[in-house]
Amino acid sequence: MSGYSKDYHDYVIRDGKLIGEFEAMYRHSEGVPWRQDEQQKWVDVRLTAEMLRDLAPFEEIHDLGCGLGYYLALLRNSLGDTQTRAFGYDVSPTACAKAAGLFPQFSFTTLDLTADSTGVTAPDLPARRLFVIRGTLWYVFPKLANVVDLIRAMMGAGDRLLVVQNFPPLERPFVGKDVLPDHHALIGHFARRFTPVRHLWYQDSVKTANDNWFIGLFSTGQR
Ligand SMILES: C[S@@+](CC[C@H](N)C(=O)[O-])C[C@H]1O[C@@H](n2cnc3c(N)ncnc32)[C@H](O)[C@@H]1O
């Protein structure tokens, strides 16, 4: 019997500490982590489609921390058209390989978002291009400045960045609260390199689960 846990949670955050063993998680856990394949009707997915409708269709969509590619596929359906090129990036080579098996028409690349941005270049040609990071900030917050710089280095003038993130109940202690206590702090971190364009904060105050979402659009400035 292998000594590896089959529960994906064990590879993510344990005993109030970030573990962040995503390659081991995609290799050894059972099922689809975070129910990535069941998100079609989630409220943030529906709100994002509405919030960006006037900017669609995008010619390229790049998902940073794409996991198995399901969210990239949802975005391409709602904000792209039949010609839209889709690119996914994840720190786990196994996630990228599995995503390529599920969505062979997309392109997947192994990338550590916390890495130094030296040598990273933006695409040459202008295009109607959307970069996205969703549900990933709790795993990269210790090096958030690097993440913001790397994403900026990957993007060209006129490109847009969508940041989608839910938070634990804000009044309780949680891992990463020192860096991201709320969505205002999130905007502040990204505003260092991007211009905030539009955002919404959705919260269900009656439910006890963490039913909230930040959805924010940022730009790199004019082309
Ligand atoms: C909660 S999943 C989100 C997947 C997808 N974006 C979605 O919304 O369904 C977080 C993903 O971030 C990836 N990740 C964690 N740390 C990363 C890093 N340093 N660089 C790139 N991806 C990372 C994990 O491997 C995982 O697939």
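Preceding block: the structure.
Residues numbered from 1 in each chain as written. Predicted model: local features only at pLDDT ≥ 70, side-chain atom pairs only at ≥ 80, totals over all residues.

Visitor: Whenever I open this one, the overall build of the protein chain confuses me. Can you help?
Guide: Helix and strand counts for the protein chain come out as 7 helices and 9 strands. Its C-alpha atoms give the protein chain a radius of gyration of 17 Å, within 12% of the compact-globule value 17 Å for 223 residues. Counting only C-alpha atoms and orienting by the principal axes, one finds that the protein chain spans roughly 55 × 40 × 35 Å. Counting across all 223 residues of the protein chain, residues that qualify as buried make up 33%. A fraction of 68% describes how many contacts in the protein chain between residues 6 or more apart in sequence connect residues 24 or more apart. (Helix = DSSP H or I, 4+ residues; strand = E, 2+ residues; numbered from the N terminus. Rg over C-alpha atoms; globule rule 2.2 N^0.38 Å. Buried ≥ 20, exposed ≤ 12 C-beta atoms within 10 Å, placed from the backbone. Contact = placed C-beta atoms within 7 Å.)

Visitor: Before we go on, may I ask you to explain the sheet that holds strand β8 (residues 195-203) in this structure?
Guide: Sheet strands pair via backbone hydrogen bonds, and the direction of the pair is either parallel or antiparallel. With respect to topology, 7 strands assemble into an open sheet ordered β5-β4-β3-β6-β7-β9-β8, the strand pairing being mixed. The outermost strands of the open sheet, each flanked by one partner alone, are β5 (107-110) and β8. On average, each strand axis in the sheet is tilted by 15° relative to the strand beside it, whichever way the strands run. Looking at chain direction, strand β4 (residues 85-90) and β5 are connected through 4 bridges and run parallel. Across the sheet, residue Gly-88 finds its bridge partner in β5, namely Phe-108. (Pairing = 2+ DSSP bridges. Axes fitted to C-alpha atoms, helices over the stretch in contact; angles between N-to-C directions.)

Visitor: Explain the site of the ligand to me, please; I cannot follow it from the model alone.
Guide: Close to the ligand lie 22 residues; Phe-22, Gly-65, Gly-67, Val-91 and Leu-113 are nearest. Secondary-structure elements contributing two or more residues to the shell around the ligand are α3 (70-79) and α5 (137-140). Considering only residue class, the shell around the ligand consists of 11 nonpolar, 7 polar and 4 charged. (Near = placed C-beta within 6 Å. Nonpolar A, V, L, I, M, F, W, Y, C, P; charged D, E, K, R; others polar.)

Visitor: Hey, could you run me through helix α6 (residues 144-154) in this one?
Guide: Because an α-helix completes one turn every 3.6 residues, residues spaced three or four positions apart along the sequence face the same direction. Here α6 has its buried residues at Leu-144, Val-147, Val-148, Leu-150, Ile-151, Arg-152 and Met-154. Buried residues belonging to α6 abut β3 (60-64), β6 (129-134), α5, β7 (160-165) and α7 (183-191).

Visitor: Just to check I follow, could you spell out the environment of Arg-160 for this structure?
Guide: Counting through the fold element by element, Arg-160 comes out in strand β7. Judged by the 19 C-beta atoms lying within 10 Å of it, Arg-160 falls in the partly exposed class. Considering only alpha carbons, one finds Arg-160 and Ile-133, 27 residues apart in sequence, at a separation of 11 Å. Discounting chain neighbours no more than four positions away, the residues touching Arg-160 are Leu-55, Leu-130, Leu-217 and Ser-219.

Visitor: Would you explain the pairing of β4 in this entry?
Guide: Moving residue by residue along a regular strand, the side chains alternate between the two faces of the sheet. The pairing of β3 with β4 spans 5 bridges and is classified as parallel. Of the residues in β4, the one forming a bridge with Glu-60 is Arg-85. For the segment spanning β3, α3 and β4, crossover handedness is right-handed. The parallel pair β4 and β5 is bridged by helix α4 (residues 93-102), and the resulting crossover is right-handed. (Right-handed = clockwise from strand over helix to strand, strands pointing away.)

On their own, these measurements won't tell you what the molecule is for.
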